[in-house]
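# Results of the structural survey
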Amino acid sequence: MRLPLIDHIWRVRGDVPIDPALAPEEAFARLDPLLRTPGTTLVAEGNTLTYSKHNPAAQDKFATFTRGNLRIERVGGGAVLRFDLFSHALLLCFLAPLLFLGFAQMAVAINAWEGSGAEVSDKAKDKDKPKPVKVLNPVDQFLGAPAPEDPNKKKKDEKKDEGRHSPDEGYFMAAVFALIYLVGRWLEPWLVRRRLRAALANPPAAT
Amino acid sequence: MAGVQVGKRIIGADAPVIVGWDNIGKVEGGPVKQFVFTYFQPAMLFAAILFWYYAPNWLAVASTAIAIRLGWMILLLVLEWVNPRYESWQLTWKEFATDAFYVGLGMTFLGMVDAYIGDGVMIKAVQGAFDWDKFSWFTGLPLLLQAVLISMIFDFGQYWMHRAMHNWHPLWLTHAPHHYITQLNINKGAVGNPIELFLIGLGIGGLFDFLPRAFLLAGAIGMTVSVYQHINVRFNTPRWWRFIFNTVEHHSVHHSQDYEATRSNYSGTWIIWDRIFGTCVDGEAEVLGMEGGRRMHIGETMIFPFREGWRSTKAALGKRRGASQQPHPAQLEPAE
């Protein structure tokens, strides 16, 4: 399926220059230590390398990109390694704000639903008896800790009850995930480029 | 692996664990770095206590605590970046995003569920049934004593809940996903199945009548002590601190891939509970997790207790049925 614009959300494409003298087999051999981690299947055919990761480890350098396609192409006199990577993590982070906005809306809806029925009975209960005023221990009085407030005074200027749940946490987390997505969409491709470049520059150590 | 005998148990036979304080890692660097990472933990605890002790009433409220906590988390993330305990625990973008999901779930959905079936509701119901006024003398105790009592009472409950989770299969199924984490970072405490997070949050502290300021002080103790149990920062933790309080050293042993090591260090804040009840193992570990370090993704974490519970029940029922149908001993070679 081709989704040329919208798939920028979860797909990362780009290229890194490589030494034109490098044969595809050797270039892929250099990438092998980077990509061959537990749970990864690698298929190299001609100038194309395809990989797929099943539940990669936390420290897997390509953990964010669970599928990918790497192709060596000749461009003019030089050569480039073109990559086309797919990320579940980026897609889920992009969608996560919707989930948390959903939780925020749930809080608003429950508040409205509960508020319609229970208002009268709650207020009657609160007014019953005055609460005892609490006094600090003499040690704390001596050390100068502020005295506790009179619980009976506070009630008067308290604003209207806003309900049992607050939607603010949901809004906050939606914003946090929007930020996490933006950082990841920039940071992860940058790291991929850096790691590919470093791997291609160094011949693998003889074993 | 030979392992080390601690009491009646062999620790570190399945996976590497450093037992005792002699061979654990130290902060590497100049005198300033040494100083900062030796005294950071106690300095922050005393600063937090001083702040909550003297903050005027208008400032000593829950929203201030939330704002401080946010700034605090950012500071701890910076420390993880500057002075990691292990490179193999380095926080990646994907791990951070995953942890943030669990933190967010705790703040939103779980918070809402808690409002109906959490400890606050249960305690109110119990208090309605009896006359609990006799506990009100607690409010006359010195503030710090109240705060320490709140923190220790809550942690006592957590200790036994946590120990039960490691000893009773149905509870273990809820807690197991948390043990699939393969590295420690400050938000890893939030990673786990929601049922477990709900259970571990239950406390009996609400039964007692404390001053609000004492609760905030207790929260400050939690924020500046138990927060370090999942931190990837190398500290030269002072001896007295690691004798009284839980540390990342203790908790890394608890999360080790070594089975016996996981059955230790159950407390959240006061390791002294483990010392009293004989489950403390001093030391540290780097190789963490279950099943050789398989990472458990979010989807599996959510369904794990139900899936495994179903499998266990089916297996148990099958065994019982099989036993009643076949009175003879089972055949030596299982049928395919």
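Residues numbered from 1 in each chain as written. Chains lettered and ligands numbered in written order. Predicted model: local features only at pLDDT ≥ 70, side-chain atom pairs only at ≥ 80, totals over all residues.

### Quick notes on the overall build of chain B
Scanning chain B from N- to C-terminus turns up 13 helices and four strands. Over its C-alpha trace chain B gives a radius of gyration of 22 Å, about what one expects of a compact globule, namely 20 Å for 336 residues. Expressed as lengths along the three principal axes of its C-alpha atoms, the size of chain B is roughly 75 × 60 × 40 Å. Taken over 336 residues, chain B has a buried fraction of 38%. Considering only residue pairs separated by 6 or more positions, chain B has 77% of its internal contacts joining residues 24 or more positions apart. (Helix = DSSP H or I, 4+ residues; strand = E, 2+ residues; numbered from the N terminus. Rg over C-alpha atoms; globule rule 2.2 N^0.38 Å. Buried ≥ 20, exposed ≤ 12 C-beta atoms within 10 Å, placed from the backbone. Contact = placed C-beta atoms within 7 Å.)

### Looking at the overall build of chain A
Within chain A one finds five helices and five strands. The N-to-C order of helical and strand elements in chain A reads β-α-β-β-β-β-α-α-α-α. Taken over 207 residues, chain A has a buried fraction of 25%.

### Some points on the interface of chain A and chain B
Contact residues are listed per partner, giving 32 residues for chain A and 32 residues for chain B. Put simply, the parts of the chain that give the side of chain A that touches chain B at least two residues each are helix H2 (88-126), helix H3 (138-143) and helix H5 (168-201) of chain A. With 10 residues, the top contributor of residues to the side of chain A that touches chain B is H5 of chain A. Residue classes in the side of chain A that touches chain B are distributed as 19 nonpolar, seven polar and six charged. (Nonpolar A, V, L, I, M, F, W, Y, C, P; charged D, E, K, R; others polar.)

### A look at the confidence of the model for chain A
With 86% of its residues at a pLDDT of 70 or more, chain A has an overall mean of 86. The lowest-confidence element of chain A is helix H4 (residues 151-154) of chain A, averaging 68 in pLDDT; the highest-confidence one is H5 of chain A, averaging 95. (pLDDT = per-residue confidence, 0-100.)

### Here we look at helix H1 (residues 24-35) of chain A
Residues and elements named next belong to chain A. With 12 residues, H1 should cover 16 Å at 1.5 Å per step; its first-to-last C-alpha distance of 15 Å lies within 8% of that length. Listed as buried for H1 are Ala 27, Phe 28, Leu 31 and Leu 35. Each buried residue of H1 sits inside an arc of 90° when the element is viewed along its axis, so together they form one side. In the core, the buried residues of H1 are packed alongside strand E1 (11-18), strand E2 (40-45), strand E3 (48-53), strand E4 (67-75), strand E5 (78-86) and H5. (Expected span 1.5 Å × (residues − 1). Arc of directions from axis to C-beta.)

### Considering the confidence of the model for chain B
Overall, the prediction assigns chain B a mean pLDDT of 88, with 90% of residues at 70 or greater. Interface predicted TM-score (ipTM) for the complex: 0.87; the corresponding pTM is 0.89.

### Observations regarding the pairing of E2 of chain A
All names here are of chain A. Burial within E2 is sparse, with just zero of its six residues counted as buried. In the sheet, E2 pairs with E3 via six bridges, with the strands oriented antiparallel. The partner of Glu 45 across the bridge, within E3, is Thr 48. Once E2 ends, the chain turns through two residues before running back antiparallel as E3, passing Gly 46 with a positive phi of about 60°. (Pairing = 2+ DSSP bridges.)

### Regarding the sheet that holds E5 of chain A
All names here are of chain A. Spatial strand order, E1-E5-E4-E3-E2: five strands in an open sheet with antiparallel pairing. The sheet is open, and its two edges are formed by E1 and E2, each paired on a single side. Looking at each pair of strands side by side, their axes are set apart by 15° on average, direction ignored. Those strands touched by H5 are E1 and E5, and its axis lies near 30° from that of E1. (Axes fitted to C-alpha atoms, helices over the stretch in contact; angles between N-to-C directions.)

### A short note on the nonpolar core
Cys 93 and Phe 177 of chain A together with Val 17, Leu 143, Ala 147, Ala 214 and Leu 217 of chain B are the most contacted members of the largest nonpolar core, which totals 72 residues. Of all the secondary structure elements, the ones that give two or more residues to this core are H2 and H5 of chain A together with strand E3 (18-19), helix H1 (31-54), helix H3 (93-117), helix H5 (143-165), helix H8 (212-225) and helix H10 (248-254) of chain B. Setting aside residues no more than four positions away along its own chain, Val 17 of chain B makes contact with Ile 11, Gly 12, Val 253, Ser 256, Asp 258, Ala 261, Gly 283 and Ala 285 of chain B. Within the second largest apolar cluster, 20 residues are counted, among which are Ile 18, Leu 49, Phe 83 and Leu 200 of chain A. (Core = buried A, V, L, I, M, F, W, Y, C linked by C-beta atoms within 7 Å.)

### Some remarks on H3 of chain B
An ideal rise of 1.5 Å per residue puts 36 Å on 25 residues; H3 of chain B measures up with 34 Å between its terminal C-alpha atoms. At Leu 110 of chain B, H3 of chain B shows its maximal bend, which comes to roughly 45°. (Bend = angle between axes of the 7 residues up to and from the residue.)

### Looking at the packing of H5 of chain A against H3 of chain B
Contact geometry for H5 of chain A and H3 of chain B: axes closest at 10 Å, N-to-C directions at 170°. Here H5 of chain A is positioned roughly antiparallel relative to H3 of chain B, judged by the angle of their axes. In this structure, H5 of chain A contributes Glu 169, Gly 170, Met 173, Val 176, Phe 177, Ile 180, Val 183, Gly 184, Leu 187 and Glu 188 of chain A to the contact, and H3 of chain B contributes Trp 93, Ala 97, Ala 100, Gly 104, Met 107, Thr 108 and Gly 111 of chain B. Per-class residue counts for the contact of H5 of chain A with H3 of chain B are 10 nonpolar, five polar and two charged. (Parallel < 35°, antiparallel > 145°, perpendicular 65-115°, else oblique.)

### A look at the environment of Ala 100 of chain B
Its place among the elements puts Ala 100 of chain B in helix H3. Along the backbone, Ala 100 of chain B and Val 191 of chain B are 91 residues apart, and their C-alpha atoms lie at a distance of 9.0 Å. Each residue touching Ala 100 of chain B, except ones within four places of it in the same chain, is listed here: Val 176, Phe 177 and Ile 180 of chain A together with Asn 187 of chain B.

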